[in-house]
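# Results of the structural survey
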Amino acid sequence: MAAILAKKLGMTQRFLDDGRVERVTVLEAGPCPVTAIRTHERDGYEAVQLAFGACKEKVLTKAELGHLKKADASAHRHVVEFRDEAGELLVGQTVTVDTFSSGDKVKISGLTKGKGFQGTIKRHNFKRGPKSHGSHNVRAPGSIGASATPSRVFKGIRGPGRMGGGRITQRGLTVVEVIPGQNLMLVRGAVPGPRGGTVEVRSDA
């Protein structure tokens, strides 16, 4: 098992040796210092804690800086734990993109793009009403409950509201190429989140 934190740089295409074109997402993966190791004996679960995104010390609290200094790590903006991924890692080591290789299956977690308040057509793929003959029911959701019985709207009815901005895990992705010199990983397909967003990359064995 392998895991690393990365920043989404955007999408591009890669021409392979056999002439095929791969649509890939470019990730800047690591380097991620190991800041803590969780064990069953002490913590009740097994995990490895990685830091990512070097930053200035003034943007962190004293508690955060103290935690990082215990692991001899400089100031980093993000600290994330990966369950059951510790393996042979030790505090103070650094996880790099070399952990992955071309052809590896990975799953990537992150926050999706926030769409704001949206209607039912965009949010839930509802059908629109007729546009002709003076109809005013063009993008309205239509009837959502009866009048006399039950005289209320049932819980769970899909309606307009806040869309996006939630955590999601995209599975079934494949590593097309790893460029260790630039800490880059090229992944076939789309990855959750906007450009510049932080994502978690895990092996999907």
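Look up: the structure comes first, before these words.
Scope of this entry: the structure provided in the associated data block.

### As for the overall build of the chain
Counting secondary structure elements, the chain contains 3 helices and 12 strands. Here the C-alpha atoms of the chain give a radius of gyration of 23 Å, more than 25% beyond the 17 Å that 2.2 N^0.38 yields for 205 residues. Dimensions of the chain, computed from the C-alpha atoms along their principal axes, are close to 70 × 50 × 35 Å. Classification of the 205 residues of the chain by burial places 35% in the buried group. Taking the intrachain contacts of the chain between residues at least 6 apart in sequence as the baseline, contacts between residues at least 24 apart amount to 69%. With the model as given, the accessible surface of the chain reaches about 12,700 Å², and the carbon-plus-sulfur share is 50%. Side-chain charges of the chain comprise 33 positive and 19 negative groups, with the mean position of each set lying 17 Å from the other.

### Remarks on the pattern of salt bridges
For the structure on display, the rule yields 10 salt bridges. For arginine 188, the salt bridge is made with glutamate 22, and the minimal N-O distance between the two is 2.8 Å. Pair noted here: arginine 188 is in strand S11 (residues 184–188) and glutamate 22 is in strand S2 (residues 21–29), with a separation of 166 residues, a long-range link. Under the relative-accessibility criterion, arginine 188 is labelled partly exposed at 35%. Here aspartate 43 and arginine 42 are joined by a salt bridge, their closest N and O atoms 3.3 Å apart.

### Some remarks on the state of the cysteines
In the structure shown here, the tally under the stated rule is 0 disulfides. Looking at cysteine 55, it has no disulfide partner, and the nearest cysteine sulfur is the one in cysteine 32, 13 Å off.

### Examining unusual backbone geometry
The phi angle of most residues is negative, glycine excepted, and most peptide bonds adopt the trans form. Proline 31 follows glycine 30 through a cis peptide bond whose omega is 0°. With respect to the element layout, proline 31 can be found in the loop between S2 and strand S3 (32–38). Note that the residue after threonine 149, namely proline 150, is joined by a cis bond; omega there is 10°. The residue proline 150 is located in the loop between helix H3 (120–124) and strand S9 (161–164) in this model. The backbone of serine 151 shows a phi angle near 60°, a positive value even though the residue is not glycine. Here serine 151 shows up in the loop between H3 and S9. At asparagine 183, a residue that is not glycine, the phi angle is positive and equals roughly 55°. When you line up the elements, asparagine 183 lands in the loop between strand S10 (167–179) and S11. We classify asparagine 183 as partly exposed; its relative accessible area is 21%.

The rules behind each value
- Residues numbered from 1 in each chain as written.
- Predicted model: local features only at pLDDT ≥ 70, side-chain atom pairs only at ≥ 80, totals over all residues.
- Heavy atoms only, no water.
- Helix = DSSP H or I, 4+ residues; strand = E, 2+ residues; numbered from the N terminus.
- Rg over C-alpha atoms; globule rule 2.2 N^0.38 Å.
- Buried < 20%, exposed > 50% of the residue type's maximum accessible area, 1.4 Å probe, protein only.
- Contact = heavy atoms within 4.5 Å.
- Areas by Shrake-Rupley, 256 points an atom, 1.4 Å probe, with all protein chains shown as cover.
- Lys, Arg positive; Asp, Glu negative; His and termini not counted.
- Charge placed at Lys NZ, Arg CZ, Asp CG, Glu CD.
- Salt bridge = Lys/Arg side-chain N within 4 Å of Asp/Glu carboxyl O.
- Disulfide = S-S within 2.5 Å.

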